[in-house]
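Chain by chain, the residues run as shown.
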Amino acid sequence: MKSSFAIVANGDSALDIRFDASPSLELSERIIALAQAVEAQRWEGVGDLIPAYQCLTVCYNPLNCNNSDLTNRLESLTRQQLRQPPKLDRKPRLIRVPVCYDAEFAPDMREVSEHTGLSAEQIIARHCAPDYLVHMLGFTPGFLYLGGLDPQLHCPRKATPELRVPAGAVGIGGSQTGIYPQVTPGGWQIIGRTPVQLFRPQSETPFIAEPLDKIEFFPVDRDAFECFQQDSLEITPLESAP
Amino acid sequence: MTMRIIRAGLQTSVQDLGRSGSMRYGVPRGGAADPVAMQLANLLLGNPPGNPVLEVTLDGPSIEFQCDISIAIVGAQFDLALNGEPVECDRVLQIESGDRLTFGRLLSGARAYIALAGQMKLPAIFGSHSTSIIAGFGGLCGRAIEKGDAIEILEARTVDHRRLEGEYRLRYTRHPQLRVVTGAEENHFGREAIDHFYSQTYQVTAQSNRMGIRLAGDALRRGNQSQVVSSGLCPGTVQIPPDGRPIISFIEGQTIGGYPRIAHVISADLHLLGQLQANDRLDFTPVSVAQAHKILEVKSGLLERLMAEFPGNDN
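Cut-offs and rules
- Residues numbered from 1 in each chain as written.
- Chains lettered and ligands numbered in written order.
- Predicted model: local features only at pLDDT ≥ 70, side-chain atom pairs only at ≥ 80, totals over all residues.
- Heavy atoms only, no water.
- Helix = DSSP H or I, 4+ residues; strand = E, 2+ residues; numbered from the N terminus.
- Rg over C-alpha atoms; globule rule 2.2 N^0.38 Å.
- Buried < 20%, exposed > 50% of the residue type's maximum accessible area, 1.4 Å probe, protein only.
- Areas by Shrake-Rupley, 256 points an atom, 1.4 Å probe, with all protein chains shown as cover.
- Lys, Arg positive; Asp, Glu negative; His and termini not counted.
- Charge placed at Lys NZ, Arg CZ, Asp CG, Glu CD.
- Contact = heavy atoms within 4.5 Å.
- Pairing = 2+ DSSP bridges.
- Axes fitted to C-alpha atoms, helices over the stretch in contact; angles between N-to-C directions.
- Buried area = accessible area lost by both parts, 1.4 Å probe.
- Salt bridge = Lys/Arg side-chain N within 4 Å of Asp/Glu carboxyl O.
- Polar contact = N/O pair within 3.5 Å; in protein donor to acceptor, adjacent residues only side chain to side chain.
- Nonpolar A, V, L, I, M, F, W, Y, C, P; charged D, E, K, R; others polar.
- Core = buried A, V, L, I, M, F, W, Y, C linked by side-chain atoms within 4.5 Å.
- Domains from an automatic or database assignment.

- Going by what an unreviewed UniProt entry lists, chain A is known as 5-oxoprolinase subunit PxpB and is assigned to Microbulbifer taiwanensis.

Comments concerning the overall build of chain A
1) Next: In terms of regular secondary structure, chain A is built from five helices and 14 strands.
2) Next: Taking 18 Å as the expected radius of gyration for a compact globule of 242 residues, we find that chain A reaches 20 Å, a close match to that expectation.
3) Next: Considered along the principal axes of its C-alpha atoms, chain A spans approximately 55 × 40 × 35 Å.
4) Next: A buried classification covers 53% of the 242 residues belonging to chain A.
5) Next: Carbon together with sulfur atoms contributes 48% to the accessible area of chain A, which is approximately 11,300 Å² in total.
6) Next: Distance from the positive charge centre (21 side chains) to the negative charge centre (30 side chains) of chain A: 5 Å.

Remarks on the overall build of chain B
1) Next: Within chain B, the regular secondary structure consists of four helices and 19 strands.
2) Next: Relative to its length of 315 residues, chain B is compact, with a C-alpha radius of gyration of 20 Å against a globular reference of 20 Å.
3) Next: Taken along the three principal axes of its C-alpha coordinates, chain B extends 65 × 40 × 35 Å.
4) Next: Intrachain contacts of chain B at a sequence separation of at least 6 include 77% that bridge at least 24 residues.
5) Next: Of the roughly 12,500 Å² of accessible surface on chain B, a fraction of 48% belongs to carbon and sulfur atoms.
6) Next: Counting 30 positive and 33 negative side-chain charges, chain B places the centres of these two groups 5 Å from one another.

Remarks on the sheet that holds strand E3 (residues 46-51) of chain A
Residue and element names in this part refer to chain A.
1) Next: The strand order across the open sheet formed by four strands is E1-E2-E4-E3, and the pairing between neighbours is antiparallel. For this open sheet the edge positions go to strand E1 (5-9) and E3, each flanked by a neighbour on one side alone. Within the sheet, the average angular offset between the axes of one strand and its neighbour, ignoring direction, is 20°.
2) Next: In this sheet, strand E4 (residues 55-60) lies alongside strand E2 (residues 14-19) in antiparallel orientation, the contact comprising five bridges. Counted as the bridge partner of Arg18 is Cys55 from E4.
3) Next: Along the sheet, helix H1 (residues 25-41) contacts E2, E3 and E4; its crossing angle with E3, the most-contacted strand, is approximately 170°.

Focus: the interface of chain B and chain A
1) Next: The interface of chain B with chain A comprises 37 residues on the first partner and 38 residues on the second.
2) Next: The three residues of chain B that bury the most area against chain A are Arg24, Tyr25 and Ile256 of chain B, which together make up 24% of that side's buried surface.
3) Next: In this assembly, chain B and chain A are joined by four salt bridges.
4) Next: Counting across the chain B and chain A interface gives 14 residue pairs in polar contact (both at pLDDT 80 or more).
5) Next: When residues in the side of chain B that touches chain A are grouped by element, the largest group, six residues, is from helix H4 (residues 289-309) of chain B.
6) Next: Class assignment of the residues belonging to the side of chain B that touches chain A gives a composition of 18 nonpolar, 14 polar and five charged.

Observations regarding the nonpolar core
All names here are of chain B.
1) Next: Counting residues in each nonpolar core, the largest one holds 79 residues, and the members touching the most others are Ile71, Ile73, Ile114 and Phe284.
2) Next: Here the element with the most residues in this core is strand E5 (residues 69-82); it accounts for nine residues.
3) Next: Among all residues touching Ile71, those that are not within four sequence positions of it are Leu45, Phe65, Arg91, Val92, Leu93, Ile95, Leu101, Ile114, Ala115 and Leu116.

Quick word on the domain arrangement of chain B
Residues and elements named next belong to chain B.
1) Next: Along its sequence, chain B is organised into domain 1 (2-170) and domain 2 (177-301).
2) Next: Here the C-alpha centroids of domain 1 and domain 2 sit 28 Å apart.
3) Next: Facing 27 residues of domain 1, the contacting portion of domain 2 comprises 18 residues.
4) Next: Taken over both partners, the interface formed by domain 1 and domain 2 buries close to 1,600 Å², and the fraction arising from carbon and sulfur atoms is 53%.
5) Next: If you sort the residues of domain 1 by the area they bury against domain 2, Met23, Arg111 and Ile134 come out on top, with a joint share of 30%.
6) Next: The interface formed by domain 1 and domain 2 includes one salt bridge.
7) Next: For the salt bridge of Glu55 with Arg210, the shortest nitrogen-to-oxygen distance reads 3.0 Å.
8) Next: Between the two partners, domain 1 and domain 2, sit twelve residue pairs in polar contact (both at pLDDT 80 or more).
9) Next: Contributing elements (two or more residues each) for the side of domain 1 that touches domain 2: helix H1 (35-44), E5 and strand E8 (100-116).

Describing the domain arrangement of chain A
All names here are of chain A.
1) Next: Considered domain by domain, chain A is made up of domain 1 (5-82) and domain 2 (93-237).
2) Next: On a C-alpha basis, the centres of domain 1 and domain 2 stand 30 Å from each other.
3) Next: Of the residues lining the interface, eight residues belong to domain 1; the matching set on domain 2 comes to seven residues.
4) Next: Counting the surface lost from both domain 1 and domain 2, the interface buries some 730 Å², and carbon and sulfur atoms represent 75% of this.
5) Next: Among the residues domain 1 hides against domain 2, the three largest losses belong to Leu25, Ile32 and Tyr53. Together they make up 61% of the total.
6) Next: Our count for the contact surface shared by domain 1 and domain 2 stands at zero salt bridges.

Next comes the structure, spelled out in structure tokens:
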């Protein structure tokens, strides 16, 4: 992949490595591989790494890490990384997430239906069709930034956000779809709810997915929603491309 | 060996210096909103600077101790009483079993820290005892403390009397200058908007908390290229949402943001955000990244000097 990049200050204790390319699977692989490479250097004073669609944020402690040294080291490491295909230290997985699209969990289905001109059945079928790419986690603990929503399902956010969206609510906001991990205010159109917990701080596996994993939604009825156990979450290795 | 909460106060929570390495999962660093005051309280007791403390917000608690222990309170100024008798902050307080500590009127600042010569018996999550009030984990059951809670204290001890002097006695103004460096998306704003940002005095709104500080003031006009692809968001970042009024991301803020970033509060001044209360005024003053690092070195040097003066009590 040919790609240019720039290293830009993100405040006085973080640097952004920004790539000049549109969000894609290839770019996310590049950014995750770069994050792993930075981590492997174990540079003193380098702390949190935050991958995003087009950017890797590298946080550092200015007291024991010199800003211009770090910029130079990141620059040469990024150049070196761009000369080879991205090397990833884990195989991505497919995670199947049950969603109950029953009316009681889908207060905004009518709104989405009116906006898209599709019936609820068609919306559910289209929402469950793709394997969504996890570009990154963030916003709130365990929230997944998913790529791959059917353009026919794009739907504007609400003009006035709801004060309280329940945990597990599945929504559409603009060109994005996602699951609210916690009870929060939110402006997405809610079309269903998953019983899967996206953030379990006490568990050995607090998060259901990592960047580059894929998520597939599948419809379940109210009984299956109620009976769901987190340890029955279906997780399989993604087939590598032929 | 416990402390019993008689009155909880507005939002009293267990905090330390927060987490590291979890922002990529959307878990913010968290920890004390004013880590300088929090570390000073610990240093008075000879504790490691990041020993878990109670963070008191605006309206303080009333606590009964069921052990002999030394404590120290640093940060926002409150009328403090021990068994009804006035006591002072910024010094070691000797507590005997049965004593009751009560927070009265707030005099200045917003958050005070109660450090203990001992350890609260609580589990660590992601390597930290800090309470994430918004995401509901850490500290005591992932929430602020409530009336009737009892927190067990391990290894309670008493230490020699010490007090903070001179520049270590923190006092807070209701109109601070916050120093900032150029924002990652400053080029999304016209010259006029940037000048307006630096020349006006903002006011802290009541919609401010550990997640973010929302400011009232004249709306800033954003440029044409206001679409920003979401990326890593760090505490202290000043974002301009569509309504043109700044939000300063704070210690429990989102880890990914998509509003243009006009400026970033420098690391050395982040602790001042923890002492802002509603209706406080503030101005932004630009400095270079190199200056920001110099200021941080000076402030950290002060803490290090105190650490050398106040050696640990642990053998």
